[in-house]
Amino acid sequence: MSEEASTTVHSGVAAAPGRASGKAYVIRNAEDIMAVPAGCILVLRILHPHLAPLLPRVAGLVVEEGAILQHATTLARECGIPAVVGLRDARILLHNGDSLEVDGFIGQVIARHLA
Amino acid sequence: MSTPGAKIAQAAAPAAQPYRRHIVGLPLQRSIFGLTASAATTIALPGLSSALDFPARLDENGDLFLDRSKVAALTKILLAWFTPENLHVMQTTHAAACASLVHASENAARVATSLDGASAKKLSEDLAGKLTLVMVYGILSKFVPDVLLRALADVGDTEPPAFPEKSAGSGLLQDTLTLYQACCALGYPPQRLRHEWPRVSPEVFHLLGEFCQRQRGFGPLAWDSPGYEDPNYVVRLLHSAFHEVDVERVRQRFSFAGKPAVTHSADAPKEVAALRRVLGFWLDFLERETWYVRRAFYIGMIPLLRQMEEEFRQKVPNFQLMDLLFLDIRELAAGIAEPAVIHERRQRYLDNTEYLSLHGVDARRVATMLGKS
């Protein structure tokens with residue numbers, strides 16, 4: 001049984017309004033997009049338009065690159081998915097299975113890491 | 001705001017690191033993208049072109065470097081340069097570059113099979129030039145929209161940014177959902193489709209083929225990374241996107257379709273209206289920039305490469321079609337191919353496992369990506 005080890009709070013840019021929670025799923029390479037769990041919080045370097053079909057399956061987005069005027073913002077807003085962008089090193093700071101709370105109103109991600 | 005026991009974490013990137021690592025790996029694509037700095041000087045922006053000290057460069061590893069000091073300098077210049085008249089020219093020039101690439105891509109697709117090797121080389125060089133120009137705007141798009149937003153703030157405009165009414169990504173999402181529903185209706189939910197592909201009914205096979213034809217151009221920036229031109233990729237993506245997903249919930253998510261765009265107030269001053277109009281254009285371009293570049297390759301460049309194959313084969317022993325991907329665009333246009341150089345480049349490419357893994361490129365990909373569609 002896993003034990004909660006720590007909680008961290010990360011600040012990025014509020015890109016699409018709303019709040020969501022779920023398990024982190026980190027995209028590290030092209031193959032990872034082929035196994036996105038339903039209801040996850042997708043953590044990735046950049047959200048390009050070709051990944052749009054995956055969005056209905058995710059609860060929230062955390063994107064390393066980007067600002068208020070980037071790809072991820074437009075797509076997340078259109079799909080109504082809470083998103084925080086510009087969170088540098090998100091793929092290092094967050095791990096698969098971490099419990100995340102994404103606040104797209106204020107650009108904050110709370111991560112509960114499991115030991 | 002604080003959370004008990006929490007710590008604030010925000011890492012900064014070291015200045016010496018590339019802006020993006022491994023963005024492109026194939027020598028042909030890298031050489032075309034490498035011409036952006038010189039192509040930038042050809043953009044006809046009144047009073048600005050000579051001051052356009054292009055802030056980006058691509059190194060031999062395909063890493064993109066962005067010079068922040070040049071971006072800062074260009075930002076300052078742009079803020080003073082943004083007049084309604086100049087903004088109009090900027091948008092017109094930008095739109096023309098995109099339209100020209102689309103036209104050149106379609107033209108190449110249409111005429112390629114009737115061309116001899118020499119004509120194909122000439123047309124590929126022309127297509128590459130147009131592609132490079134759109135890449136210039138792709139680099140500029142990393143900061144020009146922010147400069148426009150800052151200019152709007154400077155004149156007191158506080159309305160939300162002019163996000164597109166319906167982005168390219170949402171159009172793709174809608175078409176993919178339609179494909180998913182059609183496949184389901186024909187008895188092929190995502191799991192069965194993935195399991196049985198390509199041994200599926202002719203109707204489903206045809207649907208997938210048509211979809212790939214229609215959406216060719218969507219995919220990663222690197223040409224060698226699989227994308228929507230490849231039915232195998234689409235079948236796997238359909239599974240990832242829609243397997244065990246509540247369709248009704250997906251439909252609800254589509255409630256954004258037809259949502260009005262954020263535009264400027266009708267009574268906005270001329271300067272504000274011009275800034276918002278051009279910002280909206282850039283935001284729309286952001287959604288399409290990769291599509292332009294990828295589509296140009298898949299519908300335009302590949303048929304031209306096929307026409308050149310025979311000429312190179314006569315010059316170079318054991319020459320293969322995929323060897324053209326390991327030439328520089330200038331070598332391609334001049335018909336120069338050194339077997340030892342091609343071999344060395346191909347080996348270096350195949351040895352770069354970090355790049356190949358990042359982009360989902362397997363051993364067969366480079367050969368199959370040029371195959372008959």
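Residues numbered from 1 in each chain as written. Chains lettered and ligands numbered in written order. Predicted model: local features only at pLDDT ≥ 70, side-chain atom pairs only at ≥ 80, totals over all residues.

**A closer look at the overall build of chain A**
Stated precisely, the cut-off is as follows: The helix and strand labels rest on DSSP assignments: H or I over at least four residues marks a helix, E over at least two residues marks a strand, and numbering proceeds from the N terminus. Just to be clear, the radius of gyration here is over C-alpha atoms, and the globule rule we use is 2.2 Å times residues to the power 0.38. Whether a residue is buried, exposed or partly exposed is read from the other C-beta atoms within 10 Å of its own C-beta, which are placed from the backbone; 20 or more gives buried, 12 or fewer gives exposed, and intermediate counts give partly exposed.
Scanning chain A from N- to C-terminus turns up two helices and eight strands. Listed N to C, the secondary structure of chain A is β-β-β-β-β-α-β-α-β-β in terms of helices and strands. Taken over the C-alpha trace, chain A has a radius of gyration of 13 Å; the compact-globule value for 115 residues is 13 Å, and the two agree within 12%. For chain A, the spread of C-alpha atoms along the three principal axes comes to 40 × 30 × 20 Å. Evaluated residue by residue, chain A yields a buried proportion of 56% over its 115 residues.

**With respect to the environment of B:Thr353**
Among the structural elements, B:Thr353 can be located in helix H15 (residues 353-358). Distance from B:Thr353 to B:Pro46, taken between C-alpha atoms, is 45 Å for residues 307 residues apart in sequence.

**Focus on the interface of chain A and chain B**
As a reminder of what qualifies: We call two residues in contact whenever the C-beta atoms placed from their backbones are within 7 Å. Amino acids outside the nonpolar list (Ala, Val, Leu, Ile, Met, Phe, Trp, Tyr, Cys, Pro) and the charged list (Asp, Glu, Lys, Arg) are all regarded as polar, and Gly is one of them.
If you look at the interface, chain A gives 38 residues, while chain B gives 47 residues. The leading source of residues in the side of chain A that touches chain B is helix H1 (residues 71-79) of chain A, at six residues. The residue inventory of the side of chain A that touches chain B, partitioned by class, reads 20 nonpolar, twelve polar and six charged.

**Digging into helix H4 (residues 84-111) of chain B**
Residue and element names in this part refer to chain B. Put simply, the rule reads: The span you would expect from a helix comes to 1.5 Å times its residue count less one.
An ideal rise of 1.5 Å per residue puts 40 Å on 28 residues; H4 measures up with 40 Å between its terminal C-alpha atoms. For H4, the set of buried residues is Leu87, Met90, His94, Ala97, Leu101, Val102, Ala104, Ser105 and Ala108. Where the residues of H4 are buried, they touch helix H5 (117-140) and helix H12 (270-315).

**A look at the pairing of strand E5 (residues 60-63) of chain A**
All names here are of chain A. Test applied: When DSSP finds two or more bridges between two strands, those strands count as paired. Place the viewer so that the strands point away; then a crossover is right-handed whenever the path from the first strand over the helix to the second strand goes clockwise.
Burial along E5 is two-sided: Gly60 and Val62 facing one way and Leu61 and Val63 facing the other are all buried. Pairing geometry for strand E4 (residues 41-44) and E5, over four bridges, is parallel. By the bridge assignment for E5, Leu42 is matched with Leu61. The handedness of the E5 to strand E6 (residues 83-85) crossover, carried by H1, is right-handed.

**Considerations on the nonpolar core**
The criterion, for reference: What we call a nonpolar core is a set of buried Ala, Val, Leu, Ile, Met, Phe, Trp, Tyr and Cys residues whose membership is set by joining through C-beta atoms within 7 Å.
Among the nonpolar cores identified, the biggest contains 146 residues, and A:Ile41, A:Val43, A:Leu61, A:Val62, A:Ala83, A:Val84 and B:Leu148 are the most heavily contacted of them. No other element matches the 22 residues that H12(B) contributes to this core. Not counting residues within four places of it along the chain, the set of residues in contact with A:Ala83 comprises A:Ala15, A:Ala16, A:Gly60, A:Leu61, A:Val63, A:Ala72, A:Thr73, A:Ala76 and A:Gly104.

**Remarks on unusual backbone geometry**
Residue and element names in this part refer to chain B. Cis geometry is found at the peptide bond from Trp197 to Pro198, where omega equals 5°. The topology assignment puts Pro198 in the loop between helix H8 (190-196) and helix H9 (202-215). Its identity is not glycine, yet Glu244 carries a phi of approximately 55°, on the positive side. Here Glu244 is to be found in the loop between helix H10 (231-242) and helix H11 (247-253).

**Let's talk about the packing of H9(B) against H10(B)**
Residues and elements named next belong to chain B. Operational definition: To obtain an axis, a line is fitted to C-alpha atoms, over the contacting stretch when the element is a helix, and the angle between two such axes runs from 0 to 180 degrees between their N-to-C directions. Oblique is the label for every angle not falling under 35 degrees (roughly parallel), over 145 degrees (roughly antiparallel), or within 65 to 115 degrees (roughly perpendicular).
At a minimum axis separation of 10 Å, H9 and H10 run at an interaxial angle of 105°. Here H10 runs roughly perpendicular to H9, going by the angle between their axes. Touching Leu208, Gly209, Phe211 and Cys212 of H9 are Pro231, Val234 and Val235, all from H10. Taken together, the residues that form the contact of H9 with H10 break down as six nonpolar, one polar and no charged.

**Observations regarding the confidence of the model for chain B**
We apply this condition: pLDDT expresses how confident the predictor is about each individual residue, on a scale running from 0 to 100.
Of the residues in chain B, 90% reach a pLDDT of 70 or more, and the chain-wide mean stands at 87. Prediction confidence for the complex, expressed as pTM and ipTM, is 0.89 and 0.90 respectively.

**Side note on the packing of helix H3 (residues 68-81) of chain B against helix H6 (residues 144-154) of chain B**
All names here are of chain B. Applied cut-off: Crossings are sorted by hand: turned counterclockwise from the far helix by less than a right angle, the near helix makes the crossing left-handed, and turned clockwise it makes it right-handed.
Contact geometry of H3 with H6 gives a least axis separation of 10 Å together with a crossing angle of 50°. Judged on the interaxial angle alone, H6 and H3 are oblique. Relative to H6, H3 is oriented so that their crossing is right-handed. Here H3 contributes Thr75, Leu78 and Leu79 to the contact with H6, which in turn contributes Val147, Arg150 and Ala151. Along the lines of polarity and charge, the residues of the contact of H3 with H6 split into four nonpolar, one polar and one charged.

**Side note on the pairing of strand E3 (residues 19-26) of chain A**
As judged from the five bridges shared by E3(A) and strand E7 (residues 99-103) of chain A, these two strands associate in the antiparallel manner. Residue A:Ser21 lies in a different strand from E7(A), and its bridge partner there is A:Glu101.

**Thoughts on the environment of A:Ala14**
All names here are of chain A. Among the secondary structure elements, Ala14 is positioned in strand E2 (residues 13-16). Residues Ala14 and Thr73, spaced 59 residues apart in sequence, show a C-alpha to C-alpha distance of 8.9 Å. Discounting residues that sit within four places of it in the chain, Ala14 has contacts with Val84, Gly104, Phe105, Ile106 and Gly107.

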